[in-house]
Amino acid sequence: LASWLQKPQIVFARTSPAQKLIIVSGCQKLGHVVAVTGDGVNDSPAIKKADIGIAMGITGSEVAKDAADMVLLSDDFSAIIIGVEEGRKLFDNFKKTIVYVLSSNISEWVPFVAFITLQFPLPLSSILILCVSIGTDLLPCLSFCHEDGELDIMARLPRQKWDHLVNGKLLTFSYLQNGLIQSLCGFLPYFVIMHDFGWDFWDLFYTSLRKGVSPAPNDVFDETLPNFGNSNAECQGNTLIAKNNGELRVPDWLYYSDMSVDLRLFLLRCNNGILERNILTTNCKVPQISPISGAPICYTTESLKYAQSGFFYGIVWGQVSNVVSLKTRFASIKHQGFKNFFTTFAIHFEICVMLLMAYCHPFNVVLGSRDNVWYHLGLHGLPFSMLQLIHNEIRKLLIREWPRPHPEKQNWFARNSLW
C-alpha cells in the first residue's frame, strides 16, 4: 500500500469502510495531513480517523456530520478553499499579534535590566510602562484582528505539523531583533535629553550609586568656591561628612524631594581633604523651566523625568513602525497597502495619546510625563524606527526572492527567519 500511495496520482474505487480506514492510516504513516470528505454512514469511520474530516451539510447523514471537523453547509467543495484561506489568515494574524506584544515587552524591561546592571538613572518609570501596556499598545495590537490576508496566502507551501503558533524563530525575532531595535528607539532620546540638560554621557553610568551631601535650600552652585556653594558639605581627610542640616545620601532620582536641587552642589567627594565634584557635566543646551518644580531643569533630577518621557515617546515611534512592518509576514507593505482602517486609527490614536501626555498638565502631574520641547518628543528614535521598517522589508524580500534548493522546499532565509 505504501508504494501505491507514493504515486503522484492514484484512485481507489468501490472501497469498503475498513479499506477507507486502511488508506487514511497509510497516508498518515507517510507523514501526510489527510482530509476525507463524505456524506454517508459508511464514510464516518474514515472521516473520524482523518486529520480533517469534512461532511456534506445538505446530503450528509447526521452520523457523518457528528464525526466531521468541518461541515459544508452548501455542499460546495470550493468552500474548503475559502476555509483554508481563512484559517491561514487567522494563523498569520495571531502570529503578528504575538510578535507585536513580545517586541513591546522587550522595550519595557530592557530599561530595568540596564538600570540594574549599569546603574544609570532609570530610563522608564513604572507608570510610563503601564501607559505603554494599556495605552499606546492596546489598539495597534487589536488592529491585527482586522488585517486582510496577504495576496500570496494560497500560493504558499503548507506549513509543517511541528510549526506551532509560537516557535523559536518567533521568539528570536521578537526579542533579539524587533524588540532590541524598538528599545534603541527609546534609549537614544533618553541619552540625548540627559546630555542636553547638562549630563555627560559616560559619567551617567553608575551615577545612581553615588552619594553626596544635600545642600541648604538657599545654596547656589559656584565653581570658584572651595565647597562649590554647598554649605553643608565638609571633608575630614578623605571622608565626606554632612554638617548643619545636610544629609549624606544618594539623590532622590525617582521622586520629587530633590527635583529643584542642583546636583552639581549635591554630588561631591573628598580627595586629600579637598572637596571636588563627583560627576561630570556639560553645558546646558535647553534652558527650560519645569512647570512641576518651578525651577530650571538642567542639572536636577527633574531632567530625568524629561528623559523618561523622551524614552516613552521614542517607544511610541517604534510602535508605529512595528505595527506597519508586521502587517505582512511574506509580502511587501506596498502590496498589502493600508486598507485596514483600524491600523490607521490606532497609529493616530497613540500619537494623540503621546501629545496629550506631553502637553496636558494633569497628565504631567498624575503620570509623571513632561512637556518636552518638540525635538525631544522621541524624534531622535526615528532612525531606529525606520531601521526596524527597512530591516523587515529586506528580510521579507529575501524570503520571497532568494533561490530555493528545491521547488517544494523553502530557501535559507525562509527556514531561518520566517517566524
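Because the structure is a prediction, the values reported are computed rather than measured.

> Kindly report on the pairing of strand S8 (residues 268-271), identifying the contributing residues and their values.
Every second residue of S8 is oriented toward a common face, the buried set being Leu268 and Cys270 and the non-buried set Arg269 and Asn271. Where S8 meets strand S9 (residues 274-277), four bridges bridge the pair, whose relative direction is antiparallel. Within S9, the residue paired with Cys270 across the bridge is Leu275. Remark: two residues form the turn of the hairpin made by S8 and S9, two consecutive strands paired antiparallel; Asn272 in that turn has positive phi of roughly 55 degrees.

> Before we move on, could you go through the sheet that holds strand S3 (residues 70-72) and cite the residues and values that matter?
Pairing within the open sheet is parallel, and its three strands lie in the order S1-S2-S3. Edge positions in the sheet fall to strand S1 (35-38) and S3, since each has one partner strand and no second. Averaged over all neighbouring strand pairs, the angle between strand axes comes to 20 degrees, with direction disregarded. With four bridges connecting them, S1 and strand S2 (residues 52-56) associate as parallel partners. Counterpart to Thr37 in the pairing with S2 is Ile54.

> Tell me what's going on with the nonpolar core, and back it up with residues and numbers.
Grouped together as the largest cluster of nonpolar side chains are 43 residues, with contacts concentrated most on Phe120, Tyr190 and Phe312. If you tally residues by element for this core, the top one is helix H10 (residues 302-325), at nine residues. What Phe312 contacts, discounting residues up to four positions off in sequence, is Leu124, Leu128, Cys131, Val132, Thr136 and Met357. The next biggest cluster of nonpolar side chains, apart from the first, holds 15 residues, and it includes Cys141, Val323, Ile347 and Trp419.

> Please set out helix H14 (residues 382-401) residue by residue, giving values where relevant.
Between its first and last C-alpha atoms H14 spans 28 Å; for 20 residues at 1.5 Å apiece the expected length is 28 Å, and the two agree. Listed in full, the buried residues belonging to H14 are Ser385, Gln388, Leu389, Asn392, Arg395, Lys396 and Ile399. All buried residues of H14 fall inside an arc of 130 degrees around its axis, so they share one side. Opposite the packed face of H14, turned more than 90 degrees from it, sit the exposed residues Pro383 and Glu401.

> Just give me the short version of the environment of Ala307, but keep the residues and values in it.
In this fold, Ala307 is placed in helix H10. Sequence separation between Ala307 and Leu180 is 127 residues; the distance between their C-alpha atoms is 19 Å. When neighbours within four sequence positions are excluded, Ala307 is seen to be in contact with Pro123, Tyr190, Ile193 and Met194.

Rules used throughout
Residues numbered from 1 in each chain as written. Predicted model: local features only at pLDDT ≥ 70, side-chain atom pairs only at ≥ 80, totals over all residues. Heavy atoms only, no water. Buried < 20%, exposed > 50% of the residue type's maximum accessible area, 1.4 Å probe, protein only. Helix = DSSP H or I, 4+ residues; strand = E, 2+ residues; numbered from the N terminus. Pairing = 2+ DSSP bridges. Axes fitted to C-alpha atoms, helices over the stretch in contact; angles between N-to-C directions. Core = buried A, V, L, I, M, F, W, Y, C linked by side-chain atoms within 4.5 Å. Contact = heavy atoms within 4.5 Å. Expected span 1.5 Å × (residues − 1). Arc of directions from axis to C-beta.

None of the figures reported here should be taken as evidence of function without further support.
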